[in-house]
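Structure assessment
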Amino acid sequence: PSTFNTRYTDGCTAAAPCKLQDILNNNGFSSINAATDQSGIQYWTPKNTDDIVLTITFISGHGDFAASGHVFKWYKNGSASPLTPIFKDSNSPSHPTLQILNEGESMTYTIPGGSFSTMGFALFSENAKTGKNTSIFVNQASLNSSGVNQVVVYNPSPGKYIMGFEDLELPS
């Protein structure tokens, strides 16, 4: 998707939702064209059994006005169960001991090497007050309940990826 939901800030409204391109531009990625530079990556294949070290910078695009809390997770072998949590945003009531990342903050996370053939990422979305009404959106379209793509992935340079998740279920 090139337009995400209407909860984004920076002057966006229901009548004029923020464009993903604006979010990329506002965060130093103006060389990426949101519509034409999508990589189509839906999962990654580790080259060997070594640990995978990720450096993650969180860009939320919706400021502190989100009605949902989010937990960023990873999964392996084309199965969205189990999901292993990596970090959460400040609106998430679940996983009380999990590291919180705020807009613009970064962290390093190590995925233990092992015997898995593929890996992917997921966004667990929940009501920020109750923790209920949860949804899980993964970067493999076939694993989403609607069967559609909820994630766009960009690969601006070798080993660097930008993922944009839509946290409202898109129609199939």
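Each chain carries its own residue numbering, running from 1 in the direction its sequence is written. Totals for whole chains, interfaces and linings use all residues, but because this is a predicted model, local features are given only for residues with pLDDT of at least 70 and pairs of side-chain atoms are given and counted only at 80 or more. In computing side-chain values, all of the structure's heavy atoms are included and hydrogens and water are not.

1. What about the sheet that holds strand S6 (residues 135-138)?
Strand order in this open sheet of four strands is S3-S2-S5-S6, and the pairing throughout is antiparallel. Lying at the two open borders of the sheet, with one neighbouring strand each, are strand S3 (79-88) and S6. Direction aside, the axes of adjacent strands within the sheet are offset by 35° on average. Where strand S2 (residues 68-76) lies against S3, five bridges are found, and the strand directions are antiparallel. Across the sheet, lysine 76 pairs through a bridge with serine 79, a residue of S3. Strands were regarded as paired on the criterion that DSSP finds at least two bridges between them. Secondary structure elements are defined from DSSP: runs of H or I of at least 4 residues count as helices, runs of E of at least 2 residues count as strands, and each element is numbered from the N terminus. Lines fitted to C-alpha atoms define the axes here, with helix axes fitted over just the stretch in contact, and angles between the N-to-C directions of these axes take values from 0 to 180 degrees.

2. With respect to the side chain of asparagine 144
Looking at the element boundaries, asparagine 144 is found in the loop between S6 and strand S7 (151-157). Partly exposed residues are those whose accessible area sits between 20% and 50% of the maximum for their type, while under 20% is buried and over 50% is exposed, using a 1.4 Å probe and protein chains only. The class for asparagine 144 is buried, based on a relative accessible area of 5%. At 2.9 Å, the side chain of asparagine 144 forms a polar contact with the backbone oxygen of valine 148. Polar contact criterion, stated in full: a pair of N or O atoms within 3.5 Å, where within protein one must be able to donate a hydrogen and the other to accept it, and residues adjacent in sequence count only if both atoms are side-chain atoms.

3. Overview of unusual backbone geometry
Between serine 81 and the following residue, proline 82, the backbone shows a cis peptide bond with an omega angle of 0°. One non-glycine residue, histidine 95, adopts positive backbone phi at about 50°. Of note, histidine 95 is situated in the loop between S3 and strand S4 (106-111).

4. Notes on the nonpolar core
The tendency in soluble globular proteins is for nonpolar side chains to be buried as a group. Grouped together as the largest cluster of nonpolar side chains are 20 residues, with contacts concentrated most on Ile56, Ile86, Ile111 and Phe121. Counting only elements with at least two residues in this core, the list comes to strand S1 (52-57), S2, S3, S4, strand S5 (119-127) and S7. Working rule for contacts: check all heavy atoms of both residues, and any pair within 4.5 Å makes them a contact. Once you skip the residues sitting within four places of it in the chain, isoleucine 111 turns out to touch Asp51, Ile52, Leu54, Trp74, Phe116, Met119 and Phe121. One finds Leu20, Phe29, Ile32 and Val152 within the second-largest nonpolar core, a separate group that totals eight residues. Definition of nonpolar core: a set of buried residues of the types Ala, Val, Leu, Ile, Met, Phe, Trp, Tyr and Cys, connected through side-chain atoms within 4.5 Å.

5. Remarks on the packing of aromatic side chains
For any pair of aromatic rings, the description rests on two quantities: the centre-to-centre distance and the angle between the ring planes. Each Phe, Tyr or Trp ring (for Trp, its six-membered ring) is paired with any other whose centre lies within 6.5 Å, and the angle between the two planes then decides the class: stacked below 30 degrees, edge-to-face above 60, tilted in between. With the rule as written, the count across this model stands at seven aromatic pairs. Linked through ring pairs, Trp44, Phe58, Phe72, Phe87, Phe121, Tyr161 and Phe165 together constitute an aromatic cluster. Put simply, a charge is over a ring when the Lys NZ or the Arg CZ is close to the ring centre, within 6 Å, and near the line of the ring normal, within 35 degrees. The residue whose ring lies beneath lysine 73 is phenylalanine 124, and the NZ or CZ to ring-centre distance is 4.4 Å.

6. Topic: the confidence of the model for the protein chain
The pLDDT value tells you how sure the predictor is about a given residue, anywhere from 0 up to 100. For the protein chain, the average pLDDT comes to 82, and 82% of its residues sit at 70 or higher. Across the protein chain, S4 holds the top mean pLDDT of 94, while helix H1 (residues 20-26) sits lowest at 87. Throughout residues 1-11 the model reports pLDDT below 50, and contacts reaching past four residues in sequence, or to other chains, amount to 41 contacts.

7. Some words on the pairing of S2
Taken across its nine residues, S2 has eight buried, putting it largely inside the fold. Sheet topology places S2 next to S5; nine bridges connect them, and they run antiparallel. Opposite histidine 70, over in S5, you have serine 125 as the bridge partner.

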